[in-house]
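Structure at a glance
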Amino acid sequence: MTDQTVLDQAARPEFHPRWYRKRLSTWWWLGEWHYLTFILRELTSISVAWFVVLTLFQLRALLHGPEAYARFAARLESPIMIAVNAVAFCFVTFHTITWFNLAPRAMPVRMGGKRVPEFLVAAPNFVLWIAVSALVAWLLLRTP
Amino acid sequence: MADKIVLEIARYAPDRDEKPSFQSFEVPLRKEWVVLDALNYIKDRVDGTLTYRWSCRMGICGSCGMMVNGEPKLTCATFLSSYGKNATVRVEPLRYFPVVRDLVTALSDFLVKLQKVKPWLIRNDQPPLSQGEFLQTPEQLDLYKQFSMCINCTLCYAACPVVGLDEDFVGPAALALAQRYNLDSRDQGAAERLATLAHPDGIWGCTFVGECTRVCPKHVDPAGAIQQYKLTAALDWVKSFLLPRGHEDAPREAGHD
């Protein structure tokens, strides 16, 4: 039997008068917490893109000299920009945590023929993340 | 007086009803009773027309999967007492499947998808019987054992929104079972399965919601199997550019290291 004939047979409910099939609503992800967190995780990519674009604009301002950079910095200080960046920061943090937690799922690390426990795969990501963040914070916040 | 619990059960008779509706039944709440016991009580004592699937009562046949309070569950392993006294427990057929009657879903579509991924040992060569059995080390067994625990209960399909949105998506259990055979040292069929698996309706349809793994009663981790196969397929794609002539054997090797 070819795949197609199998499919045709499956599509036709020969001995049933009717099957009931419910269509999924556009808002399927609102009803359930697990689905909602998934959609939020997907949406965090917008925040990641936002910070990339912001960095590109920052580099452009840097290339155009001190005055252009001062204008760029002044724009960043507006309340709207602070609010947008605060929200984007929360989303990016959520992005990082959720993806680090999923890392052991996608990468089963084996050592000595045994699978390394999940938290030992996720933990180095978190440790490295915190260490790099601390280094960056130290570089930015130290008094010159 | 004995404690009671109310079951709201989805009823659907295809020759009579336009769409399913709920019917409430009051059943005694016993400490050792699971949802399936309550359904059997209703069928025996209250309403013999209630239709549902079940067989083993011990979490191995995979027949009694239903939505219990909106969660895909094996009803033989879901205790009524975990919902508390005088609670209302809503029992529905597994989500995203066509409903045949009451709590019975149509599985033919799933079975076609399962067959498509060829979940059996494929050999290109047939060594003579005199050579003996195919031996496997504990490490080789460990590579695929988790994925081989699947009982085809389809709870993962009822948990996966991609299954609900895209009828053609092969789905978690079938993809995990394909990976189970790809990772088996006795199997040589990875190249044959590649076209079905590395396809927009195969692994690339998966958006890694992760719900399949969360609801799996056998801890199969279909989401993990799919993500791991994504890496294999992507590496194979890269290899096909770098080593166009050596490509034929590449997927088999990838599944066997």
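Note that the coordinates shown come from a computational prediction; the quantities given were computed from them, not determined experimentally.

At the junction of the two partners, chain A supplies 27 residues and chain B supplies 41 residues. Its largest share of buried area at the contact with chain B, chain A owes to Arg18, Tyr20 and Arg105 of chain A, together 23% of the area lost on that side. Joining chain A to chain B, the criterion identifies four salt bridges. Among the ionic pairs, Arg23 of chain A bridges to Glu167 of chain B, the shortest N-O distance being 3.5 Å.

Glancing now at unusual backbone geometry. Residues and elements named next belong to chain B. Phi at Phe208 is positive, roughly 60°, even though this residue is not glycine. Tracing the sequence through the fold places Phe208 in the loop between α7 (190-197) and α8 (211-215). For Phe208, a relative accessible area of 5% translates into the label buried. Backbone geometry at His219 places phi at a positive 55°, although glycine is not the residue there. Its place among the elements puts His219 in the loop between α8 and α9 (222-242).

Another point: the packing of aromatic side chains. Summed over the entire model, instances satisfying the criterion amount to twelve aromatic pairs over all chains. Geometrically, the ring pair formed by Trp27 of chain A and Trp29 of chain A is tilted, given 6.0 Å between the ring centres and 55° between the ring planes. Taking relative accessible area as the criterion, Trp27 of chain A reaches 56% and is therefore assigned exposed. A ring pair is formed by Trp28 of chain A and Tyr35 of chain A, whose centres lie 5.3 Å apart and whose planes are at 75°; its orientation type is edge-to-face. With respect to class, Trp28 of chain A is no different from Tyr35 of chain A; both count as buried. The ring of Trp99 of chain A is capped by Arg41 of chain A, whose NZ or CZ atom sits 4.5 Å from the centre of that ring. A cation sits over an aromatic face here: Arg41 of chain A above Phe208 of chain B, 5.8 Å from the ring centre.

Right, let's get into the pairing of strand β3 (residues 65-68) of chain B. Residues and elements named next belong to chain B. Residues Gly65 and Met67 line one face of β3 and the alternating positions Met66 and Val68 line the opposite face, and both faces are buried. Taking the residues that link successive antiparallel strands as the turn, the β3-strand β4 (residues 71-74) hairpin has two residues, and the phi of Asn69 there is positive, at about 50°. Across two bridges, the pairing between β3 and strand β5 (residues 88-92) is antiparallel. Of the residues in β5, the one forming a bridge with Met67 is Glu92.

What follows is about the environment of Trp33 of chain B. All names here are of chain B. Structurally, Trp33 is set in the loop between β2 (21-28) and α1 (35-46). Using a relative accessible area of 12% as the deciding quantity, one classes Trp33 as buried. With 36 residues separating them along the chain, Trp33 and Asn69 place their C-alpha atoms 17 Å apart. Residues contacting Trp33, with those up to four places away along its chain left out, are Pro28, Ala38, Tyr41, Phe79 and Leu80.

Next up on the list: the sheet that holds β3 of chain B. Residues and elements named next belong to chain B. Across the sheet, which stays open at both edges, the five strands sit in the order β2-β1-β5-β3-β4 with mixed pairing between neighbours. Every interior strand has two partners, whereas the edge strands, β2 and β4, have only one. Direction aside, neighbouring strands of the sheet carry axes that sit 35° apart on average. Relative to β4, β3 runs antiparallel, the two being bridged by four bridges. Looking at the pairing, Gly65 lines up with Leu74 of β4. Here α1 sits on the sheet and contacts β1 (4-11), β2, β3 and β5; the angle it forms with β2, its principal contact strand, is near 95°.

Moving on to the domain arrangement of chain B. Residue and element names in this part refer to chain B. Along its sequence, chain B is organised into domain 1 (4-105) and domain 2 (108-242). Taken residue by residue, the interface counts 15 residues in domain 1 and 17 residues in domain 2. Contact between domain 1 and domain 2 buries roughly 1,100 Å² in total, counting both sides, with carbon and sulfur atoms accounting for 66%. Considering only the side of domain 1, the residues that lose the most area to domain 2 are Pro72, Tyr96 and Phe97, jointly responsible for 44% of the buried surface there. Where domain 1 meets domain 2, there are one salt bridge. In this structure, Arg214 engages Glu71 in a salt bridge whose closest nitrogen and oxygen atoms are separated by 2.9 Å. Inspection of the region where domain 1 meets domain 2 yields three residue pairs in polar contact (both at pLDDT 80 or more). Of all the secondary structure elements, the ones that give two or more residues to the side of domain 1 that touches domain 2 are β3 and β4.

Criteria and thresholds
- Residues numbered from 1 in each chain as written.
- Chains lettered and ligands numbered in written order.
- Predicted model: local features only at pLDDT ≥ 70, side-chain atom pairs only at ≥ 80, totals over all residues.
- Heavy atoms only, no water.
- Contact = heavy atoms within 4.5 Å.
- Buried area = accessible area lost by both parts, 1.4 Å probe.
- Salt bridge = Lys/Arg side-chain N within 4 Å of Asp/Glu carboxyl O.
- Helix = DSSP H or I, 4+ residues; strand = E, 2+ residues; numbered from the N terminus.
- Buried < 20%, exposed > 50% of the residue type's maximum accessible area, 1.4 Å probe, protein only.
- Phe/Tyr/Trp six-rings, centres within 6.5 Å; stacked < 30°, edge-to-face > 60°.
- Lys NZ or Arg CZ within 6 Å of the ring centre and 35° of its normal.
- Pairing = 2+ DSSP bridges.
- Axes fitted to C-alpha atoms, helices over the stretch in contact; angles between N-to-C directions.
- Domains from an automatic or database assignment.
- Polar contact = N/O pair within 3.5 Å; in protein donor to acceptor, adjacent residues only side chain to side chain.

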